[in-house]
Amino acid sequence: VAAINGHAFGAGLFLALACDWRIMRTQRGFLNFPELGLGMRLRKAFSELSRAKLSPKTLRLGVLTGKRFDSHSALQEGMIDAECPEAELQQR
């Protein structure tokens, strides 16, 4: 279970994606693929994991545009399984 209490960029995002269940705190933090802004390609392992866990649409949006997903948009795109206030994050 990944309890995301803030930003999850790059390796932090991939660590969260490797978990079976992802819960993100509301009103703070973003999920992001920073490789675009850094001029880097996705590493093969990260690419395979992302393809296994995310829809093609979400993966394209994140990787090709560098979009930052807040908890609400991450939930809509299927990147996380639930969102909750900070006070409930560790209890869930």
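Look above for the structure.
These figures come from a predicted structure and were not determined experimentally. Throughout this document, residue positions are counted from 1 along each chain, in the order its sequence is written. Whole-chain, interface and lining totals are the exception, using all residues; otherwise, since this is a predicted model, local features are given only for residues with pLDDT of at least 70 and side-chain atom pairs are given and counted only at 80 or more. Side-chain calculation: all heavy atoms of the structure are included, whereas hydrogens and water are not.

Student: Would you mind going over the pairing of strand E3 (residues 22-25) in detail, with residue names and values included?
Tutor: Categorising residues by exposure relies on relative accessible area from a 1.4 Å probe, with only protein chains included: less than 20% of the type maximum marks a residue as buried, more than 50% marks it as exposed, and the intermediate range marks it as partly exposed. Each helix is a run of DSSP H or I of at least 4 residues and each strand a run of E of at least 2, with the numbering of both proceeding from the N terminus. Of the two faces of E3, the one holding Arg-22 and Met-24 and the one holding Ile-23 and Arg-25 are both buried throughout. We call two strands paired when DSSP finds no fewer than two bridges between them. Looking at chain direction, E3 and strand E5 (residues 82-84) are connected through three bridges and run parallel. The residue bridging Arg-25 from the neighbouring strand is Cys-84, located in E5.

Student: Lay out the packing of aromatic side chains with the relevant residues and their values.
Tutor: Two rings from Phe, Tyr or Trp (for Trp, the six-membered ring) form a pair when their centres sit within 6.5 Å of each other. Planes less than 30 degrees apart are called stacked, planes more than 60 degrees apart edge-to-face, and all others tilted. Per the stated rule, a full pass over the model turns up two aromatic pairs. Judged by centre distance (5.7 Å) and plane angle (65°), the rings of Phe-14 and Phe-33 are edge-to-face. Here Phe-14, found in helix H1 (residues 11-18), pairs with Phe-33, found in the loop between strand E4 (31-32) and helix H2 (35-38); they are 19 residues apart in sequence, far enough to count as distant. Residue class for Phe-14 comes out buried when judged on its relative accessible area of 3%. Looking at Phe-33, the relative accessible area reads 2%, which means it is buried. Ring plane angle 5° and centroid distance 4.1 Å describe the contact between Phe-14 and Phe-46, whose orientation is recorded as stacked. Within this pair, whereas Phe-14 is found in helix H1, its partner Phe-46 is found in helix H3 (residues 44-53), the two being separated by 32 residues in sequence. The class for Phe-46 is partly exposed, based on a relative accessible area of 30%.

Student: Provide a residue-level description of the pattern of salt bridges, including the pertinent values.
Tutor: When a carboxyl oxygen of Asp or Glu lies within 4 Å of a side-chain nitrogen of Lys or Arg, that pair is called a salt bridge. Going through the model one piece at a time under the given rule, you end up with four salt bridges. The salt bridge partner of Glu-48 is Lys-44, with a shortest N-O separation of 3.5 Å. With Glu-48 and Lys-44 both in helix H3, this residue pair falls four residues apart, about one helical turn. On the basis of relative accessible area, Glu-48 is assigned to the partly exposed category, the value being 36%. Residue Glu-48 pairs with Arg-51 through a salt bridge whose shortest N-O separation is 3.5 Å. Taken together, the residues span about one helical turn, with Glu-48 and Arg-51 both in helix H3 at a distance of three residues.

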